[in-house]
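# An overview of the molecular structure
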Amino acid sequence: MVVLRERWSELLPGSAPLADDLVARYVERTRRAYRDQYLEAVLGTLDSLIQLSTDPTSVRLAAWFHRAVHQPGGGSAEDAESSARLVERTLPAYGVDPIRVAEVARLVRLTGDLATPPTDSYAPPRRDANGDVLLDAVNGILATAPARYAAHASEVRRDAGDRAAAVGRRYDEVQVLLDGHLYRTQLARQRMGTAARANLEAELAGLDSELPAPWRGWQQAALSAAATFSAVAAAVASIAAAGAPWQVPAVEPEAGWPPVALAVSSLFCAPVLFRSSHSASQRARLLAGTVVAVAVTGLLIAWAKVPVTNPAVGIGLRVPLVISALLLLLLAGTAALVASLLRTKKARFLPSRNLGQQLSWLAVPGVIALLLLLVVQPLARGYVLGSNERSEGPRGPAGQRPESVLDGGVTWVSRALTSAGAEEAIGTKYGIAVPRQSGVVEMLDAATGELRWRYSRSDSDEKPDIVATGNGEYVLAEFADIGYLLLDANTGKRKAAWPGGTRDHSIQEADPLLTGERLSRGSDKLHGVDPDGDNRWTFEPGRCTDIGAVATSDTVVAFLGHSCGSEPDEVAGIDLESGKKLWSKSPTDMYRRPVVVGGLVVVAEPGGDSDVPVALVAIEPRTGETKWRWPVPAGWSCRTLLKEAGRLLIVVDCPGPDTQQNTKTVVTAIDAMTGQTTWQVTAPVNPRTRVAVTADGRVVSLGGSAGGCAATVIDQTGYRKVPLPAGISCSRDPVAIGNLILTSGPAGVIALH
C-alpha cells in the first residue's frame, strides 16, 4: 500500500485524497481479484513502456483508474465503463483539464477489451500510441513470474463465483488471448511475449484438466475420419470401376490400369491424409493440397475423355465410378486441408480420446458407406441409364385398335421394323409395343401400324423382353445386363428403373406385377412389386421351396413346391396389397398351368406323368374354395392349352393319340362362372400348330395351303380356312391382341383385317 502511494506522488499535484481513495479501492477487503499486487504489476510494466506514449500523464492516470471500480464476478467491460464514469466525476474536482479528463476516460474504456487481433489478420497502422501502451501494460500481468501469475489467475477464477462456470469462462478467455498477438507494441512483444504465452498455456492446460470435455474435439475427429475413409471409399469405387467398361460396346480392348492406379493411389493417400489432418505444419497442408490438385486434375481429364454417345456407342459404368472415386478423393483432400488449417496450438489441449471423438470416428465411416450405397451407386447407375437412352416421339395421338374379322385382307403393315416380328408384340392402351434386336422398343399405332415412338439404348444390342403392366399404361422392358425399365406406353419416356438387384428376379405375373427371386440356398421369395420396382411386401415360405404364382385383381395364388424333407407341396392365397397369407392347402399333386378367368384361378389337376390333366379346377382366390371341377375327357392326349377369353376359358387339345398322324384339334369353351361347357368344336387342324386366342374366343393358327399361307379359325360356329395374301410368314406364330390378329412378314408386323 505504501509502495502504491509513493507511485502516485507528483502525478497530480494536490490530489492526495484522490490517491488515498484509489488505493483504498484496490485494497478493499471485499475485493477478491485485481487487488494492489495486480495494480503494482500494471504500473511496473507501464514504466518500461511509457516512453512510447504521447501523453504519459493521461496513460498513468488511466492505469490507476482502469479497475478502480470492480464488482465481484464483474467482467472487464463492466469495470471499464464504471471506472471511466468515476474518472469523469472525480478528476474535474482536482483541476484536470477537460481534454485530459476525456482522454483518460477514453483510455479506461479501452481496457474493456484486452484481446488483440489474431496472429494472421491484417494489422492496421498504429493510430493510438497511448491506447497501445496502456493495454500492453494492463496485459503485463500475463508475463509476471509463474507463481505470481498463477496466484492472479486463481484470484480471477475465485472472483467469478460458480466454479464450473468460472472455469469454462476463463478457458474461453485464455483461448481468445492465445489466438492473438497478446501485445500491440513491438517492445512489449519482445520483452514479454514469450513469458506471457507460456503462462497462458500453462493455465489453459490446468483448466483443461478441470473441464468436463465429453464432446470437445469432435470437429477435428470428424474431419480426420472423413479424410481417411473418403480416401478408402475412393479406392473401393476405383476397384469397382476396374471391372466395368469405359464405353459400350468397347471398340478396342480398354486399358485396365487407370482405375487400378487410382485405387492404389487412394489407398496410399489414406494414411498420408490421416497424418496431415493431425498436423498444422506447412508440409501437411502441402500434402493435402497436392491431393486436392490431383483429384481436380483427374476430374478434368475424366470429363474430357467421356465418350460421345450415339445409337451405336454408349457410356460404360466405369465413367461415373471413376468420377465418383475422384470426387471422394477430392473430399478426402479437402477434409485433411481444412483440419490442418483449423489445427492451432490450442489443439494440444484437445482431449486425446472422448465420447465426441469416438462417435465421430464411428459415425463418419457409416455416413461414407451410406454415401456409397445410397448416393454414389444410384447416381452412377442413373447417369449410365440417362446417358445411353434415346426416346423419340410420340408422333400423333393413339388410334383405336381395330378388330380382325379374318376375311383374307390386311389392315396395315408396319414400316422400318426389320428383324422384328409379331411373336413378342404386346398390347397397351396406346398401341402395340414391339421389341427389336438392337435394344429398341417401338410403339406402333394400333389403327395404322405407323410408328408412334421409339425407345433405344446404345448400351444394349439384344432384344429386350417386354410386358404390359399398370392396366396397359406402361411397358416393362427387361434389357440384358441393365435390368427392368418402366416406359410410359403413351410417350415412350422412362418412368422408373428398377434397383440393380431386381434383374435377378423373374416376372411371375405382369399385371398385377409380381416377381419371384430364385436363390441357390435357402428359400425362394415372392415379391409384390409396385410399377417403379419397389417391393410392397416379400413372401418367404421356407427353405427348399420353389415358387410359382398367378394374381387376380386383389389376390395372389402361390404354388409352393418343397424339394427337401417330407413337407407336402402347398397352394396358398396371399393378399395382393399387404402380402398377408389368407389360406393354404396341400393337394395330392401340385397343380399346373394356372390361368385367371373371370376372377377365378383355373388350374390343371395333374394326371401322373402325362401332360394331359385329369381335370380342370377353378379356385376362389380369396378363400381357396373349389368353385367347380371340369373332368378332361379320357381320350385327349396332347398338352392341354388353357387361354382366357373374357368370361370363357378356352381349352385346346387333341382327341385320340398324340402322334404325327393325328391331325385333329378340339377346342372347348367353358363358362368360368359355372364350369359348364358353352361350346365345343373339333377341326382338322394339326394339334402341334401354335395358336392365338382372341378376346371373343376365336382360336387362330397359320398353316400352308396350295396357294401359300392360310389362317384357320375355330369358333363356336365351327371351322373355316382363310387364304392370306403373299408376304405373310406361316412359319412364325400369330399373336392376338384383344380381337386383333398380328402376323409377321419379311419387313415387320402385319395386322390382319
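Look above for the structure.
Here is a short report on the structure shown in this document.

So, about the packing of helix α12 (residues 257-277) against helix α13 (residues 282-304). Taken N-terminus to C-terminus, the directions of α12 and α13 make an angle of 140 degrees; their axes are 9 Å apart at the nearest point. As judged from the angle between their axes, α12 and α13 are oblique. Pair α12 / α13 crosses with left-handed handedness. Along the contact surface, α12 presents C269, V272, L273 and S276, while α13 presents A284, L287, A288 and V291.

A separate point is the nonpolar core. The biggest cluster of nonpolar side chains holds 63 residues, and the ones touching the most others in it are W8, W64, F65, L91 and L142. Among all residues touching F65, those that are not within four sequence positions of it are L18, L22, Y26, S83, L86, V87, T90, L91 and V108. Grouped together as the second largest cluster of nonpolar side chains are 37 residues, A270, L299, L326 and V364 included.

The next thing to look at is the packing of aromatic side chains. Aromatic ring pairs are reported here in terms of the distance separating the ring centres and the angle at which the planes meet. Summed over all chains, the structure comprises six aromatic pairs. Put simply, the rings of F229, F274 and W361 touch in pairs and so form one group of aromatic residues. Its guanidinium or amino end placed over the ring of Y26, R31 lies 5.0 Å from that ring's centre, counting from NZ or CZ. In this structure, R67 packs its charged tip against the face of Y34, placed 3.7 Å from the ring centre.

Once that is clear, we can look at the environment of S238. Relative to the elements of secondary structure, S238 occurs in helix α11 (residues 218-242). The class for S238 is buried, based on a relative accessible area of 0%. Through-space distance from the C-alpha of S238 to that of E10 is 81 Å; in sequence the pair is 228 residues apart. Discounting chain neighbours no more than four positions away, the residues touching S238 are P259, L262, A263 and A325.

Here the focus is the state of the cysteines. Per the counting criterion, the structure on display carries two disulfides. Here C638 engages in a disulfide with C654; their sulfurs sit 1.8 Å apart. The sign of the 90 degrees torsion about the S-S bond sets the C638-C654 disulfide as right-handed. On the criterion of sequence distance, the pair formed by C638 in the loop between β24 (626-631) and β25 (641-645) and C654 in the loop between β26 (648-653) and β27 (665-671) is long-range, its members being 16 residues apart. Like C654, C638 is buried. Note that C709 is cross-linked by a disulfide to C730, the S-S spacing being 1.5 Å. With the S-S bond torsion at 125 degrees, the cross-link from C709 to C730 turns out right-handed. Here C730 lies in the loop between β32 (718-723) and β33 (735-737) and C709 lies in strand β31 (residues 708-715), a separation of 21 residues in the sequence. With a relative accessible area of 8%, C709 lands in the buried category.

Turning our attention to the side chain of R318. Of note, R318 is situated in helix α14 (residues 318-342). Residue classification places R318 among the buried positions, given a relative accessible area of 7%. Only 3.3 Å separates the side chain of R318 from the backbone oxygen of A242, close enough to count as a polar contact.

Criteria and cut-off values
- Residues numbered from 1 in each chain as written.
- Predicted model: local features only at pLDDT ≥ 70, side-chain atom pairs only at ≥ 80, totals over all residues.
- Heavy atoms only, no water.
- Axes fitted to C-alpha atoms, helices over the stretch in contact; angles between N-to-C directions.
- Helix = DSSP H or I, 4+ residues; strand = E, 2+ residues; numbered from the N terminus.
- Parallel < 35°, antiparallel > 145°, perpendicular 65-115°, else oblique.
- Left-handed = near helix turned anticlockwise from the far one by under 90°.
- Contact = heavy atoms within 4.5 Å.
- Core = buried A, V, L, I, M, F, W, Y, C linked by side-chain atoms within 4.5 Å.
- Buried < 20%, exposed > 50% of the residue type's maximum accessible area, 1.4 Å probe, protein only.
- Phe/Tyr/Trp six-rings, centres within 6.5 Å; stacked < 30°, edge-to-face > 60°.
- Lys NZ or Arg CZ within 6 Å of the ring centre and 35° of its normal.
- Disulfide = S-S within 2.5 Å.
- Polar contact = N/O pair within 3.5 Å; in protein donor to acceptor, adjacent residues only side chain to side chain.

On their own, these measurements won't tell you what the molecule is for.
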